[in-house]
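Each chain, letter by letter, is given below.
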Amino acid sequence: MLAKLSVSILLWLTAAGFSGAASAETPTTVLVTGANRGIGLELVRQFRARGYQVIGTARNIETAKELAETGATLVQLDVTDSDSVRAMAEKLKGEKIDLLINNAGIQGHTAQSFAETDFDQVITTFDVNSLGPMRVTQALLPNLMAGSGKTVVQISSTMGSIANNGGGYYGYRASKSALNMLNKSLALELADLGITSIVMHPGWVQTRMGGENAAITTQDSVAGMIIVIDALEPGDSGRFLDYQGKELPW
Ligand SMILES: NC(=O)c1ccc[n+]([C@@H]2O[C@H](COP(=O)([O-])OP(=O)(O)OC[C@H]3O[C@@H](n4cnc5c(N)ncnc54)[C@H](OP(=O)(O)O)[C@@H]3O)[C@@H](O)[C@H]2O)c1
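Residues numbered from 1 in each chain as written. Predicted model: local features only at pLDDT ≥ 70, side-chain atom pairs only at ≥ 80, totals over all residues. Heavy atoms only, no water.

Structural notes on the pattern of salt bridges
Thought 1: Within the structure shown, the criterion is met by seven salt bridges.
Thought 2: Taking the shortest distance from any N to any O, the salt bridge between Arg86 and Asp83 comes out at 2.8 Å. Note that Arg86 and Asp83 are positioned in helix H4 (residues 82-91) at a spacing of three residues, about one turn of the helix. Across this residue pair, the class does not change: Arg86 and Asp83 are exposed.
Thought 3: Residues Glu247 and Arg239 are paired through a salt bridge, measuring 2.6 Å at the closest nitrogen-oxygen approach.
Thought 4: Exposure remark for Arg239: the relative accessible area of 27% places this residue in the partly exposed category.
Thought 5: Here the residues in one salt-bridge network are Asp236, Arg239 and Glu247, joined through shared partners. (Salt bridge = Lys/Arg side-chain N within 4 Å of Asp/Glu carboxyl O. Helix = DSSP H or I, 4+ residues; strand = E, 2+ residues; numbered from the N terminus. Buried < 20%, exposed > 50% of the residue type's maximum accessible area, 1.4 Å probe, protein only.)

Below you can see the structure in the form of structure tokens.
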């Protein structure tokens, strides 16, 4: 029997237009946010290479040339803008999504010390990194329920680990800790609906955010993450894993 919490989600899903059972049709459909560059773009490339149907979102789809070249379907999305999230959900209404990867994120201001911390920028960082993935997941629940994969991957960071905190970066670290907590609650609530939702650290990756001295390429990060995602089971929901499948401390 479904838990009380999930009954309320089912009622919400019905109101949002979801009516059918899970579909087993192929190909697998993946939606990646922040897909115009960095890790998001490489996720799109590698899923396309596997023959998946990929929906890649970008804040500006006109300039997302590399994303367009992958053959992915482009959808405009700013994860901080409720109207943009609603418009994306409307555009994708009735389409199944097997795997949602909430990848879009910002480092926020680069000041490391408390004295230099700008709290307006911290709020923006939380808006993108913590609330953005929740807005998108909520809006796309009917699509996830229509798919057979029923998997959500929130791209977090080891910098969100309280146990492993090396100091500084107040806004970024706290925003990823908050994402980890939000996902844990989400995983508990969505388990009865068969949705598996994890947080994942992609490694220190050579992107605009990670910098050119980062430890690994986007190719290696994404190849690792895909192996981990492929192996996910419902019992993994709520876990905090890195791109090599290693469990990270909260
Ligand atoms: N690189 C690393 O070493 C590393 C380590 C740990 C975790 N991560 C995480 O991995 C994810 C991807 O990072 P990355 O290294 O690929 O960074 P990146 O190269 O800076 O790319 C970030 C992506 O997020 C998008 N984005 C930013 N704000 C957005 C918003 N409000 N709405 C929608 N999209 C938005 C960007 O779009 P625009 O082009 O429009 O700005 C871009 O597509 C992030 O969540 C990051 O925190 C990265």
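What follows continues from the structure just given.
Overview of the environment of Leu186
Thought 1: For Leu186, the position within the fold is in helix H7 (residues 170-190).
Thought 2: Judged by relative accessible area, Leu186 falls into the buried class, the value being 17%.

Remarks on the environment of Leu182
Thought 1: In this fold, Leu182 is placed in helix H7.
Thought 2: By relative accessible area, which is 31% here, Leu182 ends up partly exposed.
Thought 3: For Leu182 and Val199, which are 17 residues apart along the polypeptide, the C-alpha to C-alpha distance reads 9.9 Å.
Thought 4: Ignoring sequence-local partners within four residues, the contact set of Leu182 consists of Ser130 and Met134. (Contact = heavy atoms within 4.5 Å.)

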